[in-house]
Amino acid sequence: MASPQSSTAACFFLALCLASIALAGNFYQDVDITWGDGRAKILDDGQLLTLSLDKYSGSGFQSRNQYLYGKFDMHIKLVPGDSAGTVATFYLSSQGNTHDEIDLEFLGNLSGDPYVVHTNLYTQGKGDREQQFYLWFDPTMDFHTYSVLWNPRHVVFYVDGTPIREFRNGEFAGVPYPKSQAMRAYASLWDADDWATRGGQVKTDWSKAPFTASYRNYTADGCVWNNSGAASCAMGSHSWMWQELDPNAMDRLKWVQKNYMIYNYCTDVRRFPQGLPRECNAS
C-alpha cells in the first residue's frame with residue numbers, strides 16, 4: 001500500500017487516491033442484511049445469499065462499503081414459476097432527497113411469460129429514465145451475471161457481459177451526471193403488484209409464497225469512499241475508469257436494443273408533451 005505522502009502526491013482531480021480497491025467475495029464480510037426479519041439468509045460459508053418474500057415482508061441487503069465509480073457484478077437466479085407482482089433488484093444508490101441511483105430491477109410475471117428487466121437512473125433526485133428489456137434466456141433456470149459499469153464517461157448496464165444500455169455523461173448539454181455522491185450496492189426482493197406486472201393488472205398469488213431469489217459472486221471493483229470524503233483506488237487496477245464500449249460491444253448493444261427492448265423513455269413522446277428529456281437528444 002502506498003505511503004500517505006505518495007498517496008497525496010498521486011491524487012488526481014477525481015480525488016481517487018492510491019489505496020486498495022474492494023474486491024468482494026464473501027457475503028459475511030461484504031454486506032449487511034438490512035431488513036426482512038430472517039427472510040434473508042447467508043449460506044454456503046458466505047458464498048450464497050437468498051432473499052425471500054411472503055405476504056408479510058420481503059428482504060434485502062446492502063454493501064458495507066460505499067463507492068465513487070466502479071464495476072459491480074452479481075450472479076442472480078430469479079424467482080421461478082409464477083412470480084407476478086414480485087420485484088428482485090440489484091442497484092446502486094446514495095442517500096437523501098437529491099440522491100443518485102443506478103437501477104436494475106427484475107419484474108416477475110406469470111409462469112411461461114418473460115421477465116422484464118427494468119433499468120432506471122436517478123441524478124440529483126430525478127429519475128424518469130426508464131428502459132425495459134426482455135431477456136434472451138430463462139433467468140430462473142440458472143445464475144446469470146448482471147453488472148453495472150459506472151465511470152466518469154458513462155454508465156453501462158450488462159447482462160452476461162453483453163451491454164444492454166448506456167447512459168453517457170451529458171454534462172456538456174446540461175444533463176446532470178452521477179459523479180460526486182458515493183453509493184452503496186443494494187439488493188432486495190419485494191412486492192410491487194400495484195405496478196410490476198402488466199402495469200399492476202396481474203397481482204401476486206400468495207398461495208405460491210414464499211418467493212425466493214438467489215445471489216452469489218458479488219464483486220465490487222471500485223473506489224471505496226472513506227470517512228475523510230475521498231475515494232481510493234489501487235494504482236494500475238482501475239482499467240474500468242476510462243473504459244469505453246469497443247465496436248464489438250456497440251454491435252451487441254444495438255442487437256439487444258433492436259430485438260429485446262420493449263420500452264424506451266426517449267421515444268415516449270406522449271409522456272413528455274413538452275419535449276423529450278435533454279439527454280435523449282445529446283450526442
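Under the annotation held in an unreviewed UniProt entry, the protein carries the name Xyloglucan endotransglucosylase/hydrolase and is attributed to Ensete ventricosum. As its UniProt record puts it under Sequence similarities (unreviewed entry), the protein is described as follows: "Belongs to the glycosyl hydrolase 16 family." If you open the UniProt record of the protein and go to Function (unreviewed entry), you find "Catalyzes xyloglucan endohydrolysis (XEH) and/or endotransglycosylation (XET). Cleaves and religates xyloglucan polymers, an essential constituent of the primary cell wall, and thereby participates in cell wall construction of growing tissues."

Colleague: What am I meant to see in unusual backbone geometry here?
Modeller: Backbone phi values are negative for most residues with the exception of glycine, while trans is the configuration of most peptide bonds. The omega torsion across Ala209 and Pro210 is 0°, close enough to zero to call that bond cis. Tracing the backbone shows Pro210 in the loop between strand 14 (184–191) and strand 15 (211–225). Positive phi values are uncommon outside glycine, yet Asp160 reaches one of about 50°. Position of Asp160 among the secondary structure elements: in the loop between strand 12 (154–159) and strand 13 (162–168).

Colleague: Would you mind showing me how to read the pattern of salt bridges here?
Modeller: Pairing between side chains of opposite charge can happen when their charged atoms approach one another. Considering all chains together, one arrives at 11 salt bridges under this definition. Taking the shortest distance from any N to any O, the salt bridge between Arg129 and Glu279 comes out at 2.8 Å. Of this pair, Arg129 sits in the loop between strand 9 (116–122) and strand 10 (131–133) while Glu279 is found in the segment after strand 17 (261–264), placing the two residues 150 residues apart along the sequence. The burial state of Arg129 is the same as that of Glu279; both residues are buried. One network of salt bridges, with partners in common, ties together Arg153, Glu166, Arg168 and Glu244.

Colleague: Please explain the side chain of Ser59 as it appears in this structure.
Modeller: With respect to the helices, strands and loops of the structure, Ser59 is situated in strand 5 (residues 59–63). By relative accessible area, Ser59 is classed as buried at 0%. In terms of polar contacts, Ser59 uses its side chain to reach the backbone carbonyl oxygen of Ser52, at 2.9 Å. Once residues lying within four places of it in the same chain are set aside, the contact partners of Ser59 are Trp35, Gly36, Arg39, Ala40, Leu51, Ser52, Ala187, Ser188 and Leu189.

Quick notes on the rules
- Counting starts from 1 at the beginning of each chain's written sequence and moves along it residue by residue.
- With the structure being a predicted model, the display of local features is reserved for residues of pLDDT at least 70 and the display and counting of side-chain atom pairs for 80 or more, all residues being used for whole-chain, interface and lining totals.
- Hydrogens are left out, water is left out, and the side-chain values use all remaining heavy atoms of the structure.
- UniProt positions are given in the numbering used here, feature names are shortened, and annotations may be inferred rather than shown by experiment.
- Runs of H or I in DSSP of at least four residues are treated as helices and runs of E of at least two as strands, each being numbered from the N terminus.
- Definition used for salt bridges: Asp or Glu carboxyl oxygen within 4 Å of a side-chain nitrogen of Lys or Arg.
- Three labels apply to residues, based on accessible area from a 1.4 Å probe with only protein chains included: buried if under 20% of the type maximum, exposed if over 50%, partly exposed otherwise in between.
- Counting of polar contacts relies on pairs of N or O atoms within 3.5 Å, with two restrictions inside protein: one atom must be capable of donating a hydrogen and the other of accepting it, and residues adjacent in sequence are counted only when both atoms are side-chain atoms.
- Any pair of residues with heavy atoms lying within 4.5 Å of one another is described as a contacting pair.

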